[in-house]
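Structural overview
Spelled out, the chains give:
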Amino acid sequence: MPKKEKCIIPKTEPINYKETWIDEKLVKKAARDKAKLVFSRFEEQQPQCLWGYTGVCCKNCNMGPCRIIPGKATQGVCGATADTIASRNLLRTISAGACCHVEHARENVLTLLKVALGKTKAYQIKDKEKLRAIAKKLGKNSFNDLNKIAEQVSLEAFEDFRRQHGLFHESEGNYLNWLKINAPRYLQELWNKLGILPENADIETSRALHATTMGNDASVESLMLQCLKLGLVDGYAGMMMATDMQDILFGTPHLIKAEANLGTLKPEYINIAMHGHVPLLSEKVLEWAKKLENEAKKQGAKGINVVGVCCTGNEMTQRHGIAMAAHTVQAEMVLVTGVVEAMIVDAQCIYPSLAQVSSCYHTKLITTMIAKIQGALHLPFSIEKADETAKQIIRIAINNFKNRNKAKIFIPQKKTELYSGFSVEQILEALSKLNKKEPLRPLVDNIRAGNIKGIVAVIGCRNPKLRGQKFAENLIKLLLKENVLVVTTGCIAHASAQEGLMKPEAIKFCGEKLRKVLITIGKANGLEALPPVLHMGSCVDNSRIIKFVNELSNYTKKPISKLPIVASAPELVTEKAVAIGTNALAHGLAVHLNSLWITNAPQVVKILTNNLERITGGKLIQAATPNGAAELILKELENRRL
Ligand code: BF8
């Protein structure tokens, strides 16, 4: 607890580059080029505010900002306690995170509807089988015409943004279609009893904002239940819907080889970095990069090298084997290489600092969607003009090749191979080589026999607060050694790939029992071994992990809370990541975080780390070192034996 108002987080020590993933030469080059990187801004922010850090700062009205000062001010001006403030903050955070995924899903649904109605030729239905399977679950598969099916599926999806109880529906108890067709029955019943089945995504985020304004919901219990509800909005009307739509439009990922890290940038090529989240844009840029390759060659380049940053990277890798050049914290470093003709950004996790960094080089920073940045060129993206915008982007990059400053080029020679494409469909297909009738059987048998101790989803962001320390990589290695299978998404997928953990050779990090299982599955699929860390995609594809967990629960007839499965977001940054974690808690998973800003709100801490276990089975576990995290995670797996 802070004794006085002064912030007390100590100033950080100099970074020891040898123990980090940060390329020291690139950092020094950035300083020479006058490009300011995330780490120097982080230093400037020290010491960071402890009131915010511990969750007890409220600025929801103008009587404040208020903060809880033990022994002096135990309530805000309105009387809100530390727990009310922290739970309100948490609900706002989860709602904001859910909004990102919901907006992402909505864009995709709109695209599918426009395809179905013949209003765009820019996109097609690639995975017809998946569309039909979803239509069947929605009871909309009685049409022969694929476009009619797509139209019906889109309209059912849109219901999840507009359903109004008591207005257009006869009775209450009507809730998200995507939840209804995907979540296990027993959980739907539990969530119904708890009153947390979401009516529609938009109304729930709106209600959450309403509830957390001055003079509204002050009941910690009620606010925490709404947190779970918004977690479900994020999970089903956000992530799962977004993934389903993307698979329908761009294909469901299957096993594919790719490369990762900054060394995937190519000096003789026109390099285009795609950064953000929405494949509607990146798919078109990829298509036009191929079509306009000859124009690039006329400029003296060997061709066009499109690479991916953060989740767009994950999306392009899992479907096309495109290089994952960088996670979010490395995005600035992509520019510092001096070989990037254009960086195209769309939405979410895009540092505004990219404008300053790109201004030190010839790189054109192009914004296209909601993430607009002063100093960047804005080319608004629309479904109807997707082809034109993509073409324009490629030509801007081609014309910019001549402006490269050779004296400013430096590409760190770091790259690793990886396997990607582990959708649920691909995992089941791989397992079906061992048991065609019951693909999950070999996995469950190996878990029961103790050959696989459990499955841990190590996911989420890289946090510059860790200043390059390899928390996620070290945690994963500790888990693999204990025969734990790891699945990953998001920026941690980049980190895992860069560490060489997503290729068959990485079985050297595994305990003997897990190694044998991975070799058996790998060999049955034409690989030396299955990689011990499975790349399941971008952050919206955490839905794939939940889908897989739901499948395991259905198959074993056990609640998720009794399965040896744990999630960890060891370097959590964004509001989205908090929403994803809450979705996992609502499903009954134990979730490890390296710290969440709730520590000075004892009731909130108790609910998340203790009481919740008796309600959904979910539980927050916090540990700030890889060893501490591994120990707690292993204990959770032990308690959740099949
Ligand atoms: O959605 S892992 S920093 S990039 S929030 Fe963002 Fe976190 Fe990276 Fe993708 Ni996810």
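Residues numbered from 1 in each chain as written. Predicted model: local features only at pLDDT ≥ 70, side-chain atom pairs only at ≥ 80, totals over all residues. Heavy atoms only, no water.

1. Looking at the pattern of salt bridges
Per the counting criterion, the structure on display carries 42 salt bridges. Arg467 is the partner of Glu43 in a salt bridge, and the nearest nitrogen-oxygen pair spans 3.0 Å. Of this pair, Glu43 sits in helix H2 (residues 38-44) while Arg467 is found in the loop between strand E11 (454-458) and helix H19 (471-481), placing the two residues 424 residues apart along the sequence. Arg467 sits in the buried class, given a relative accessible area of 10%. One salt bridge in this structure joins Lys148 and Glu151, with 3.6 Å as the shortest N-O distance. Of this pair, Lys148 and Glu151 both sit in helix H6 (residues 146-159), three residues apart, which is roughly one turn of that helix. Residue Glu151 is classed as buried on the basis of its relative accessible area of 18%. (Salt bridge = Lys/Arg side-chain N within 4 Å of Asp/Glu carboxyl O. Helix = DSSP H or I, 4+ residues; strand = E, 2+ residues; numbered from the N terminus. Buried < 20%, exposed > 50% of the residue type's maximum accessible area, 1.4 Å probe, protein only.)

2. Topic: the sheet that holds E11
Pairing is parallel in the open sheet, where six strands are placed in the order E13-E12-E11-E14-E15-E16. Each having just a single partner strand, strand E13 (533-535) and strand E16 (619-622) make up the two edges of the open sheet. With direction set aside, neighbouring strand axes in the sheet form an average angle of 25°. Inspection of the sheet shows strand E14 (residues 565-569) paired to strand E15 (residues 590-593) by four bridges, in the parallel sense. Residue pairing in the sheet places Ala569 in a bridge with Leu593 of E15. (Pairing = 2+ DSSP bridges. Axes fitted to C-alpha atoms, helices over the stretch in contact; angles between N-to-C directions.)

3. Brief notes about a nonpolar patch on the surface
A cluster of nonpolar residues, Met63, Val77 and Met214, forms a patch on the protein surface that exposes about 290 Å² of accessible area. Tracing the chain through its elements places Val77 in the loop between strand E2 (66-67) and helix H4 (82-116). (Patch = residues over 30% accessible without salt bridge, like charges linked within 9 Å, V, L, I, M, F, W, Y side chains within 5 Å. Areas by Shrake-Rupley, 256 points an atom, 1.4 Å probe, with all protein chains shown as cover.)

4. A short note on the site of the ligand
Around the ligand, the surrounding shell consists of His277, Cys310, Cys311, Thr328, Cys349, Gly460, Cys461, Cys491, Cys539, Thr574 and Lys576. Within the side chain of His277, one N or O atom sits 2.7 Å away from an oxygen atom of the ligand. Here the residues of the shell around the ligand sort into six nonpolar, four polar and one charged. Two domains each put at least three residues into the shell around the ligand: domain 2 (262-408) and domain 3 (421-639). (Near = heavy atom within 4 Å. Polar contact = N/O pair within 3.5 Å; in protein donor to acceptor, adjacent residues only side chain to side chain. Nonpolar A, V, L, I, M, F, W, Y, C, P; charged D, E, K, R; others polar. Domains from an automatic or database assignment.)

5. Details of helix H5 (residues 128-138)
Every buried residue belonging to H5 is among Lys130, Leu131, Ile134, Ala135 and Leu138, and all of these are buried. One side of H5 holds all its buried residues, which, seen down the axis, span an arc of 135°. Opposite the buried face of H5, at more than 90 degrees from it, the exposed residues are Glu129 and Lys136. Buried residues along H5 sit in contact with H4, H6, helix H7 (177-180), helix H10 (220-250), helix H17 (424-432) and helix H22 (542-556). Capping of H5 at its N-terminal end is provided by Asp127; its side-chain oxygen lies 3.3 Å from the backbone amide nitrogen of Glu129. A positive backbone phi angle near 70° is found at Gly139, which sits one or two residues after H5. (Arc of directions from axis to C-beta. Contact = heavy atoms within 4.5 Å.)

6. Section: the packing of H4 against H10
Relative orientation of the contacting elements H4 and H10 amounts to 20°, with a least axis distance of 8 Å. When the axes of H4 and H10 are compared, the pair comes out roughly parallel. The interaxial crossing formed by H4 with H10 has left-handed handedness. Its residues assigned to classes, the contact of H4 with H10 comprises 22 nonpolar, twelve polar and three charged. (Parallel < 35°, antiparallel > 145°, perpendicular 65-115°, else oblique. Left-handed = near helix turned anticlockwise from the far one by under 90°.)

7. Points about the coordination of the nickel atom of the ligand
Among all protein atoms, only Cys539 (SG) binds the nickel atom of the ligand, sitting 2.2 Å from it. Classification of the site at the nickel atom of the ligand as irregular follows from its four donor atoms and the range of 92 to 151° in their angles at the metal. (Donors = N, O, S within 2.8 Å, 3.2 Å for Na, K, Ca; no water. Tetrahedral: all angles 85-135°; square planar, octahedral: opposite > 155°, others 65-115°.)

8. A word on the domain arrangement of the chain
It is common to give the size of an interface as the accessible area that goes away when the parts come together. Assigned domains within the chain: domain 1 (82-250), domain 2 (262-408) and domain 3 (421-639). One C-alpha centre belongs to domain 2, the other to domain 3; they are set 31 Å apart. Facing 20 residues of domain 2, the contacting portion of domain 3 comprises 18 residues. Counting each side, the surface lost to burial between domain 2 and domain 3 is near 1,300 Å², with a carbon and sulfur contribution of 59%. On the domain 2 side of the interface with domain 3, the three residues burying the most area are Gln318, Met324 and His327, jointly 40% of the side's total. Counting every contact that joins domain 2 to domain 3 gives zero salt bridges. Inspection of the region where domain 2 meets domain 3 yields nine residue pairs in polar contact (both at pLDDT 80 or more). (Buried area = accessible area lost by both parts, 1.4 Å probe.)

9. Remarks on the side chain of Asn550
You can see Asn550 is positioned in helix H22. Overall, the relative accessible area of 2% leaves Asn550 in the buried class. Separated by 3.3 Å, the side chain of Asn550 and the backbone oxygen of Asn182 make a polar contact. When residues no more than four places from it in sequence are discounted, the contact partners of Asn550 are Asn182, Ala183, Pro184, Tyr236, Ile560 and His587.

10. What to know about helix H23 (residues 575-587)
Over its 13 residues, H23 runs 19 Å from end to end, which matches the ideal 18 Å to within 8%, given 1.5 Å per residue. Within H23, twelve of the 13 residues are buried, leaving the element largely enclosed by the surrounding structure. Buried within H23 we find Lys576, Ala577, Val578, Ala579, Ile580, Gly581, Thr582, Asn583, Ala584, Leu585, Ala586 and His587. Remark: Gly588 follows H23 within two positions and exhibits a positive phi of approximately 100°. (Expected span 1.5 Å × (residues − 1).)

11. A few points about the packing of aromatic side chains
Tallied over the entire structure, the rule returns four aromatic pairs. On the numbers, 6.0 Å between centres and 70° between planes, the contact of Tyr123 with Phe250 is edge-to-face. Within this pair, whereas Tyr123 is found in the loop between H4 and H5, its partner Phe250 is found in helix H10, the two being separated by 127 residues in sequence. Residue Phe250 is classed as buried on the basis of its relative accessible area, which comes to 7%. We note Arg67 situated over the ring of Trp51; from NZ or CZ to the ring centre the distance is 5.9 Å. The ring centre of Phe161 lies 4.8 Å from the NZ or CZ of Arg106, which sits over that ring. (Phe/Tyr/Trp six-rings, centres within 6.5 Å; stacked < 30°, edge-to-face > 60°. Lys NZ or Arg CZ within 6 Å of the ring centre and 35° of its normal.)

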